[in-house]
Amino acid sequence: MLKNITLGQYFPGNSLIHRLDPRTKLLATIALIAIVFVAQGFSGFLLLAGFVVACAASTGIHLKFLVRGLKPLMFIILFTFILNLFFQTGGTVLISIWIIRITSNGLRMAGFMAARLILLVLSSQLLTLTTSPIALTDGLETLFRPLQVIGFPAHEIAMMMSIALRFIPTLMDEADKIMKAQKARGADFETGGLIARAKAMVPLLVPLFVGAFRRAEELALAMDARCYRGGKGRTRMKQLKFQGIDGLAALVIAALLAAVILLNRLNLF
Amino acid sequence: MRDKIIQAQNVSFQYEDGAAPAVDDITFTVDRGEFLAVLGRNGSGKSTLAKLLNALLLPTAGELTVDGLRAVTEDDCYEVRKSCGMVFQNPDNQIVTTIVEEDCAFGLENLGTPPEEIRWRVKAALSDVGMSEYAEASPSMLSGGQKQRVAVAGVLAMRPKIIVFDESTAMLDPIGRRDIFAIAQRLNKEEGITVVWITHFMEEAALADRVIVMDAGKIALEGTPKQVFSQTDRVLALGLDVPGMMKLADRLRKAGLPLKEGVMTVNEMVVELCRLK
């Protein structure tokens, strides 16, 4: 039961996007999100949607995966859509019932917001689907390294994230074992209402937490024994290196931005 | 005379909340290149001793010199840890990263070694423990024995002169246990690394150059495995077992057979019994 949980939903592969430097992917995703907000017309959104779908197709990730990621956010997307629909004013009035007035401007803005949110989710999903969690952590650490000057603990955060990733499967295994041990003694995790089930989890969580603390202590000792003393003076075996494809990605993103600005100017639709 | 890589002079250690000292006024030396086994029941102070050797704990009294270094300042501690590596009991709790080769690199990264050097030292260390083909694997997919081999490689990459194995085989299956012990023996014989092997298993201790038996923080018995295990009654009184063949020899001797002292392995027993015919 616990084995089914995957984190980050990394989808291994060897496509062009998979091989990009994690920093490039992080920056490109941020840039893409910015571009989504630059776009001021449906022609721009169409272009961006086309770009995201083309990227997804090139990685060999099924569109189904991307769409599945939208599901948990469907409510928020719908909510902003309706909010914009009802509260934006201006333009010609399309429908007017009682105090509810839907204007052409409202419809337009609502469509924009929904499109933006969907594109936002899809592009960030593309990042997590094509980048292994550990590469992502490395990328974040290097990107945030300049901020260490002002005291931002970039190394510590990255180390914490990678240790968390390392221990997720271990703790899952342990939770599974504890669960089986307690089931063998008659514990019931599956029946009853929400509250009864939540209560049944307490005897599972207590030993799990105690175990996690014990592990943390031992791990700290083991790290000490191997001369760990924080990020200072530390080197890395795997050095992140920008390559030709990273430059190419930067060009593609720049071209995309130019195209979106151009479409805004043309004011097509 | 071989030089002493570890010298302990009246070393004591007391935990802050402990009533009795965990290690109580012990004096011993370890030769360079020696394979020393440390035995003792739970709570006898073996693990505390291991942590003292690695400067994870500092003696509360006495003098401990490891590879010519005495840990006083924090920097000394790192120097000691560099020359004295440690493999712990639980393989799960000493692997830091999600990829085998990166875990091997962890110690070297901490020391600030240049990336290219880390790369080839990690490669060498992994091939040394026979884990090259798992370099890119995730530790969570490995068996206990394999994880422990990775842990050994991680220590090995740092090129220590001493490796302390703190009950490193206690949680492994028999095959994993045999593997790790064989690796430790090979590193000791072929690469001249001094091994301090802390264990519960008499069969392992029987193959060491020398055995120290600890009890209540003190050294209760010391000597070659033959010298130690031939004192069957003492060893049993210390809450330990003796290797099966020694026990058998002891009982046969008590039953009146004139077996010579120090029969430890099945082969020696066969030779000895055939001699009687």
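Refer to the structure presented above.
Bear in mind that the values here come from a model prediction, so they are computed numbers and not experimental data. (Residues numbered from 1 in each chain as written. Chains lettered and ligands numbered in written order. Predicted model: local features only at pLDDT ≥ 70, side-chain atom pairs only at ≥ 80, totals over all residues. Heavy atoms only, no water.)

Chemist: In this structure, what is going on with helix H3 (residues 100-110) of chain B? I would like to understand it.
Modeler: An α-helical turn contains 3.6 residues, so any two residues separated by three or four positions project in the same direction. Burial analysis of H3(B) places 11 of its 11 residues in the buried class, the great majority of the element. Downstream of H3(B) by one or two residues, Gly112(B) has phi in the positive range, about 75°. (Buried < 20%, exposed > 50% of the residue type's maximum accessible area, 1.4 Å probe, protein only. Helix = DSSP H or I, 4+ residues; strand = E, 2+ residues; numbered from the N terminus.)

Chemist: Help me understand the interface of chain B and chain A in this model?
Modeler: A common way to state how big an interface is: give the accessible area lost once the parts meet. Between chain B and chain A, the residue contacts involve 38 residues of the former and 29 residues of the latter. Here chain B and chain A share an interface that buries about 3100 Å² over both sides, 56% of which is from carbon and sulfur atoms. On the chain B side of the interface with chain A, the three residues burying the most area are Tyr78(B), Asn93(B) and Asn110(B), jointly 21% of the side's total. At the surface where chain B touches chain A, the tally comes to 7 salt bridges. A salt bridge links Lys238(A) to Glu102(B); its shortest N-O distance comes to 3.4 Å. In this structure, the connection of chain B to chain A is made through 17 residue pairs in polar contact (both at pLDDT 80 or more). Those elements that provide at least two residues to the side of chain B that touches chain A are helix H2 (74-83), H3 and helix H4 (115-128) of chain B. No other element matches H3(B), which puts 10 residues into the side of chain B that touches chain A. In the side of chain B that touches chain A, the residues fall into 16 nonpolar, 12 polar and 10 charged. (Contact = heavy atoms within 4.5 Å. Buried area = accessible area lost by both parts, 1.4 Å probe. Salt bridge = Lys/Arg side-chain N within 4 Å of Asp/Glu carboxyl O. Polar contact = N/O pair within 3.5 Å; in protein donor to acceptor, adjacent residues only side chain to side chain. Nonpolar A, V, L, I, M, F, W, Y, C, P; charged D, E, K, R; others polar.)

Chemist: Looking at this structure, how should I read the side chain of Glu204(B)?
Modeler: Residues and elements named next belong to chain B. Residue placement: Glu-204 occurs in helix H7 (residues 202-205). It turns out Glu-204 is buried and unbridged, and the closest side chain with the opposite charge, Arg-177, is 4.7 Å from it. For Glu-204, the side chain forms a polar contact with the side chain of Thr-169, separated by 3.2 Å. Non-local contacts of Glu-204, meaning those with residues more than four positions away in its chain, are made with Thr-169, Arg-177, Phe-181, Trp-197 and Thr-199. (Lys, Arg positive; Asp, Glu negative; His and termini not counted.)

Chemist: I would appreciate a short explanation of the nonpolar core in the present structure.
Modeler: When a protein is soluble and globular, its nonpolar side chains tend to lie buried together. Within the largest apolar cluster, 54 residues are counted, with the highest numbers of intra-cluster contacts made by Phe165(B) and Phe229(B). In terms of residue count, helix H5 (residues 144-156) of chain B provides more of this core than any other element does, 6 residues in total. Sequence-distant contacts of Phe165(B), that is, excluding residues within four places in its chain, are made with Val87(B), Val152(B), Ile180(B), Ala184(B), Val195(B), Val196(B), Trp197(B) and Ile198(B). Judged by nonpolar contacts, the second largest core, of 33 residues, contains Ala222(A), Ile5(B), Phe28(B) and Val38(B). (Core = buried A, V, L, I, M, F, W, Y, C linked by side-chain atoms within 4.5 Å.)

Chemist: Please explain unusual backbone geometry as it appears in this structure.
Modeler: If a residue is not glycine, its phi is most likely negative; likewise, a peptide bond is most likely trans. One non-glycine residue, Cys227(A), lies in positive phi territory at about 65°. Positionally, Cys227(A) belongs in the loop between helix H9 (194-225) and helix H10 (244-266). Overall, Cys227(A) belongs to the buried group, its relative accessible area being 0%. The backbone of Asp67(B) sits at a positive phi, close to 50°, despite the residue not being glycine. When its relative accessible area of 17% is taken as the criterion, Asp67(B) is described as buried.

Chemist: Any chance you could explain the pairing of strand E9 (residues 218-223) of chain B here in plain terms?
Modeler: Residues and elements named next belong to chain B. In terms of strand pairing, strand E8 (residues 210-215) meets E9 through 5 bridges, oriented antiparallel. Counted as the bridge partner of Val-213 is Leu-221 from E9. What sits between the antiparallel neighbours E8 and E9 is a turn of 2 residues, in which Ala-216 has the positive phi angle 50°. (Pairing = 2+ DSSP bridges.)

Chemist: What is the right way to look at the pairing of E8(B) in this model?
Modeler: Strand residues, when the strand is regular, have side chains that alternate between the two faces of the sheet. All names here are of chain B. Summarising burial for E8: 5 of the 6 residues are buried, a large majority. Inspection of the sheet shows strand E3 (residues 35-39) paired to E8 by 4 bridges, in the parallel sense. Bridge pairing links Val-38 to Ile-212 in E8.

Chemist: Just checking my understanding: could you explain the side chain of Ser123(A) for this structure?
Modeler: Residues and elements named next belong to chain A. Looking at the secondary structure, you find Ser-123 in helix H6 (residues 104-130). Reaching out from Ser-123, the side chain makes a polar contact with the backbone oxygen of Leu-119 at a distance of 2.8 Å. Residues contacting Ser-123, with those up to four places away along its chain left out, are Thr-29, Leu-32 and Ile-33.

Chemist: Mind showing me how you'd approach the sheet that holds strand E6 (residues 162-166) of chain B here?
Modeler: The strands that make up a sheet pair up through hydrogen bonds in the backbone, lying either parallel or antiparallel. Residues and elements named next belong to chain B. Strand order in the open sheet formed by 6 strands is E5-E6-E7-E3-E8-E9, with mixed pairing between adjacent strands. If you trace the sheet from one side to the other, it starts and ends with strand E5 (84-87) and E9, each paired once. Along the sheet, successive strands turn relative to each other by an average axial angle of 20°, direction set aside. Relative to E6, E5 is paired through 4 bridges, and the arrangement is parallel. (Axes fitted to C-alpha atoms, helices over the stretch in contact; angles between N-to-C directions.)

Chemist: So what exactly am I meant to see when it comes to helix H6 (residues 174-191) of chain B here?
Modeler: All names here are of chain B. Compared with an ideal rise of 1.5 Å per residue, which puts 18 residues at 26 Å, H6 spans 25 Å between its outermost C-alpha atoms and is within 8% of the ideal. Considered for burial, the residues of H6 that qualify are Gly-176, Ile-180, Phe-181, Ile-183, Ala-184, Leu-187 and Asn-188. Mapping the buried residues of H6 onto a view down its axis gives an arc of 150°, with all of them on the same face. Every exposed residue of H6 that faces more than 90 degrees away from the buried side is listed here: Pro-174, Ile-175, Arg-178, Lys-189 and Glu-190. In this structure, the buried side of H6 is in contact with E3, H4, H5, E6, strand E7 (194-198) and H7. Backbone geometry just downstream of H6 places Gly-192 in the positive-phi region, at approximately 70°. (Expected span 1.5 Å × (residues − 1). Arc of directions from axis to C-beta.)

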